Amino acid sequence: MDHKRKARIAPYPQPAGGLDSLKSTTITLLKEKVPGSRYKTLLHQNQPDGFDCPGCAWPDREHTSTFEFCENGVKAVAAEATSKRIDADFFARHTVTELLQQSDYELEQHGRLTEPLAYDAASDCYLPISWDDAFALIARHLKALDDPNRASFYVSGRTSNETAFLFQLFVRLYGTNNFPDCSNLCHESSSRALPQTVGVGKATVVLDDFEHADTIMVFGQNPATNHPRMLNELRAAAKRGATIVSINPLKEKGLDRFASPQHPMDLLNGGAEISSLFIRPTLGGDFALIKGVAKRVLELDDAAVAAGERILDIGFLAEHCSGFEAFAADLRAESWPDLAAASGVPYQDIDALARVYAKGKAVIATWGMGLTQHRDSVAAIQMLSNLMMLRGNIGRRGAGLCPVRGHSNVQGDRTMGIEDKPSQAFLDRLAQVYDFEPPRGHGLDAVDTIKAMLYGRVKVFVGLGGNFAMATPDTPRTFEALRNCDLTVQISTKLNRSHLIHGRDALILPTLGRSEIDLQKTGPQGVTVEDSMCMVHLSYGINPPASRQLLSETAITARMAHATLGGGKIDWLSYADDYAKIRDEIAKAVAGFEDFNARVAKPGGFHLTPASRERRWLTPSGKAQFIVNALEKDTPIARARALHGDKLMVLMTARSHDQYNTTIYALDDRYRGVYGQRRVLLINRDDLARLGFAAGERVDIFTVWHDGIERRADGFLLVEYDIPRGCLGAYFPETNPLIPLDSVADISNTPTSKSVPVLLRRSAAS
């Protein structure tokens, strides 16, 4: 299809969802050539007798029998159920150099990988290799390293609990904590911020709380694209009168109006209004905004005291909290002009949000990567926790903190030990159960793994799912880093660019998808995941495998461990035969999973209840901890603006609607009115005029950074858009080359993908 011919910009007047969602999924099923006999697969998605969706981590209502339509969930399943195949003949016809010329979308469209492959430098092609030889090659490289820390093991959020546990056990027995994972790139800031305030880095709410909340604050999220099933909860809340506030630089379509495909009347009447208030901070302004709201709530409480009333929950503060007095003093000392300027939000809007929060009796705060991918993101999330603590909105019905994770089991992977900074308690349990001394030092996360590969300190990279080359920042440097390796291993379902950016030796190991039957010696195997609200449930695939040569991720992990470490201490291969045995091991080694097999066998599974939900605080003080963070003025953006004045712009990267993480299903983003193209740059009308550009021109984007490395992305179409002045929006991975490797969040080391200082220049071809 000629996508250039159909490329256009056209505002989308319809609500999110609706008939266009059904139309889009039908097109996807046809494009992927999904056999009609497999359409029934969609009805078994997130059901008791079916499989867990390989897409987002939004929870299900007890895995009931009611089918809940989700456009991007259907696309994820269609991508697995496609009839298109990549075999040895495909790679015989295409060299790696040739494939590198194709777009990420084109690579995705080739279909499912069907057999293990090894890179052959002489022909520049991937050639078939037996599974035994592939595992022997991995073992040979790992055993040859003079230090286990010279290998790094990446894990994607699609990996099941069973595989993740087995994988971390293998790697720690091998001798390293080098566990970069997708959480490092998205919600790591939540995982590092919340333990310091409430003791646990997980949600304090369950899905039932959304039925009892009267106020829901949605920070930095685009549910219509990233977790569409959330919109059904927001729709229900709005219809019963709850106040929903969207806090986001972009006025995202799904947080404005939503027409649920499950409710026919929505398709006729234009859907339901979701948000009643939109607050539009500048990029990087979240911390200042939330601190301003907290300051205003404190002022409103002062006024209430004069009338003999209180807005603050004095009982909760006295019984459950530590550090309130220092926090209140810091708020009172903060300057309103500074807060308004740094947030990009006028005082009257901060006041309006504070009053909405103060009025709410049961408030949920949810957030996504719009809050986590800035330099001060840990401080911003701690400030949000502080705000929620002021009125006791943690640990009671209808209220709480809700970080909404991305991939389906990114949270479960961390629970299972995919963690470069593991707790000593977790390591102690491993040591006791398996009678070995695990590595105790901190390992490498995603950014530090790239640096270590770049400078030759890591020579073997194993990727368990995902598309590391394209998910990470500073793309040319990441490519160079991967090519420095002696061996790269990619465990995948479909072709992506990480297979083409390879080490001296390279393997592609094809694996089963979540929707496929995983048949082992003891019969069909089920796997478990943990969603964003700590529900753990079991599911089974229902489709025949795309190829007889596919192995499950669990079997690949077990055979890799057996080849590398042998079977003397642990019978790895027996775990591949029966995943229930792995769950028995998890029950011994991971707190909260006692009697795992019996509990997960019950319909809907079980809730891994965080202590903070029960108002038990696993902090040093034993209480919920207020944390004081100053409003920092000497930031990379401020320094760049001092050099370049009002020519300096701030860029955020985002997904398009037809995209999940780095997987691109199509070239449209209909909710933003973009069709048939991806190299677009959203910009405010006033900025176009001020900078001397016009909508429809093409520009090159340059990062302003201090290290002398030129970072650029060329040929982006300027699209006039409702975005705050001084801010730009564009898609990743196309703009990942602009994110410097050392531009990271304090403490969490997450790339600052939502606040990149840039300059624009007119493209020569414009």
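Nothing here was measured: the structure is a model prediction, and the numbers come from that model.

Enquirer: Teacher, can you tell me more about the UniProt feature "domain: Molybdopterin dinucleotide-binding" (unreviewed entry) in the chain here?
Expert: Summarizing the sequence annotation, UniProt attributes the feature "domain: Molybdopterin dinucleotide-binding" (unreviewed entry) to residues 649-757 in the numbering used throughout. Segment residues 649-757 splits into 6% helix and 35% strand. End C-alpha atoms: 6 Å apart.

Enquirer: When you look at the sheet that holds strand S10 (residues 257-259) in this model, what are you seeing that I'm missing?
Expert: Read from one edge to the other, the open sheet built from three strands follows the order S2-S10-S11, with strand pairing classed as mixed. With partners counted over all chains shown, the strands left at the sheet margins are strand S2 (16-17) and strand S11 (272-273), one partner each. Of the strand pairs in this sheet, S10 and S11 are connected by two bridges, and their pairing is antiparallel. Of the residues in S11, the one forming a bridge with Arg257 is Glu273.

Enquirer: I would appreciate a short explanation of the nonpolar core in the present structure.
Expert: Generally speaking, nonpolar side chains in soluble globular proteins are found buried as a group. Core analysis: the largest hydrophobic core is formed by 61 residues, its most contacted members being Phe153, Phe165, Phe167 and Leu509. Ranked by the residues each element gives to this core, the list is headed by helix H8 (residues 161-174), at eight residues. Contact partners of Leu509, with chain neighbours within four places excluded, come to Pro116, Trp131, Ala134, Phe135, Ile138, Val489, Gln490, Ile491, Ser492 and Ile556.

Enquirer: I tried to follow the UniProt feature "domain: Molybdopterin oxidoreductase" (unreviewed entry) in the chain on my own but got confused; where do I start?
Expert: Feature annotation in UniProt assigns "domain: Molybdopterin oxidoreductase" (unreviewed entry) to the following positions: residues 112-491. As a span, residues 112-491 carries 46% helix and 14% strand, and end to end its C-alpha atoms are 12 Å apart.

Enquirer: I'm lost on the pattern of salt bridges in this one. Help?
Expert: Where charged atoms from two side chains of opposite charge approach closely, those side chains can pair. Enumeration according to the criterion identifies 50 salt bridges in this entry. Across the salt bridge formed by Arg414 and Glu188, the nearest N and O atoms sit 2.9 Å from each other. Highlighted residues: Arg414 in helix H20 (residues 410-415) and Glu188 in helix H9 (residues 188-197), separated in sequence by 226 residues. For the pair shown, Arg414 and Glu188 are each scored as buried. The partner of Arg355 in a salt bridge is Asp351, and the shortest N-O contact between them spans 3.0 Å. Of the two residues, Arg355 and Asp351 are both situated in helix H17 (residues 347-359); the distance of four residues between them amounts to about one turn of the helix. The exposure class of Asp351 is buried, given its relative accessible area of 14%. Three or more residues joined by partner-sharing salt bridges are found here, namely Asp181, Glu188, Arg192, Arg414 and Glu419.

Enquirer: What exactly am I supposed to notice about empty space enclosed by the protein here?
Expert: One water molecule sets the probe size; rolling that probe over the atoms shows where empty space is left. Using the criterion set out here, one finds seven cavities of 30 Å³ or more in the structure. Estimated volume of the second largest cavity: approximately 220 Å³. For the second largest cavity, the lining is made up of 18 residues, of which Leu512, Gly513, Arg514, Asp518 and Val527 are closest to its centre. Taken together, the residues of the lining of the second largest cavity sort by class into three nonpolar, ten polar and five charged.

Enquirer: What's the story with the packing of helix H22 (residues 446-454) against helix H24 (residues 475-483) in this structure? I'm lost.
Expert: Two packed helices can be described by the angle between their axes and the distance between those axes. At a closest axis distance of 7 Å, the pairing of H22 and H24 adopts a crossing angle of 60°. By the angle class used here, H22 and H24 are oblique. In this structure, H22 crosses over H24, and the sense of that crossing is left-handed. Seen from H22, the contacting residues are Ile450, Met453 and Leu454; seen from H24, they are Arg477, Thr478, Glu480, Ala481 and Leu482.

Enquirer: Would you explain the domain arrangement of the chain in this entry?
Expert: In many reports, interface size means the accessible area that the parts give up when they come together. Considered domain by domain, the chain is made up of domain 1 (19-81), domain 2 (85-182 + 409-601), domain 3 (188-404) and domain 4 (636-762). With eleven residues of domain 1 at the interface, the matching set in domain 4 holds eight residues. Across the domain 1/domain 4 interface, buried area totals approximately 730 Å², and carbon plus sulfur atoms make up 41% of it. Taken as a group, Lys31, Asn72 and Lys75 account for 49% of the area that domain 1 buries against domain 4, more than any other trio of residues on that side. Here Asp658 ties to Lys75 by a salt bridge, and the two come within 2.2 Å at their closest N and O atoms. The tally of links between domain 1 and domain 4 comes to one residue pair in polar contact (both at pLDDT 80 or more). Looking at the side of domain 1 that touches domain 4, the elements with two or more residues in it are helix H2 (18-31) and helix H3 (71-81). At five residues, the largest contribution of residues to the side of domain 1 that touches domain 4 is made by H3. Residues that form the side of domain 1 that touches domain 4 fall into these classes: three nonpolar, four polar and four charged.

The rules behind these values
Residues numbered from 1 in each chain as written. Predicted model: local features only at pLDDT ≥ 70, side-chain atom pairs only at ≥ 80, totals over all residues. Heavy atoms only, no water. UniProt positions renumbered as here; feature names shortened; annotations may be inferred. Helix = DSSP H or I, 4+ residues; strand = E, 2+ residues; numbered from the N terminus. Pairing = 2+ DSSP bridges. Core = buried A, V, L, I, M, F, W, Y, C linked by side-chain atoms within 4.5 Å. Buried < 20%, exposed > 50% of the residue type's maximum accessible area, 1.4 Å probe, protein only. Contact = heavy atoms within 4.5 Å. Salt bridge = Lys/Arg side-chain N within 4 Å of Asp/Glu carboxyl O. 1 Å grid on protein atoms, 1.4 Å probe; cavity = no way out; pocket = protein on both sides within 12 Å on 5 of 7 lines; lining within 4 Å. Points joined across faces, edges and corners; volume = space filled by probe spheres on them. Nonpolar A, V, L, I, M, F, W, Y, C, P; charged D, E, K, R; others polar. Axes fitted to C-alpha atoms, helices over the stretch in contact; angles between N-to-C directions. Parallel < 35°, antiparallel > 145°, perpendicular 65-115°, else oblique. Left-handed = near helix turned anticlockwise from the far one by under 90°. Domains from an automatic or database assignment. Buried area = accessible area lost by both parts, 1.4 Å probe. Polar contact = N/O pair within 3.5 Å; in protein donor to acceptor, adjacent residues only side chain to side chain.

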